[in-house]
Amino acid sequence: MVRAEPDQAALEIAHRLLRVTASLDAMLQHPALRIVLRRVARNHMERRALVDVKKLQANDHDE
């Protein structure tokens, strides 16, 4: 199973969500912190994919 690799924007948002004092680059250098950061970033990417902007713009609330 291939996991989606988080993009830079997702990594930056995950870094802000985690509210850590270490920099993003420092977190990516540390193996354990890199795993946590990428997992949070993937979660963010999944949530971001669920939002359909076109549907929201059209005010279409059908499920």
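Residues numbered from 1 in each chain as written. Predicted model: local features only at pLDDT ≥ 70, side-chain atom pairs only at ≥ 80, totals over all residues. Heavy atoms only, no water.

Visitor: Got a minute to help me understand helix α1 (residues 8-18) in this structure?
Guide: Where α1 is concerned, the buried positions are A10, L11, A14 and H15. Buried positions in α1, seen along its axis, are confined to an arc of 140° and lie on one side of it. Check the buried side of α1 and you find it contacts α2 (24-29) and α3 (31-50). Backbone geometry just after α1 places R19 at a positive phi near 55°. (Buried < 20%, exposed > 50% of the residue type's maximum accessible area, 1.4 Å probe, protein only. Helix = DSSP H or I, 4+ residues; strand = E, 2+ residues; numbered from the N terminus. Arc of directions from axis to C-beta. Contact = heavy atoms within 4.5 Å.)

Visitor: Where do I start with the packing of α1 against α3 in this structure?
Guide: The geometry of a pair of packed helices is captured by two quantities: the angle between their axes and the separation between those axes. Orientation of α1 relative to α3, taken along the N-to-C sense of each, is 110°, at an axis distance of 8 Å. Comparing their axes, α3 and α1 come out roughly perpendicular. Between α1 and α3 lies a crossing whose hand is right-handed. Together, A10, L11, I13, A14, H15, L17 and L18 of α1 and V36, L37, R38, V40, A41, H44, M45 and R47 of α3 make up the contact between the two elements. (Axes fitted to C-alpha atoms, helices over the stretch in contact; angles between N-to-C directions. Parallel < 35°, antiparallel > 145°, perpendicular 65-115°, else oblique. Left-handed = near helix turned anticlockwise from the far one by under 90°.)

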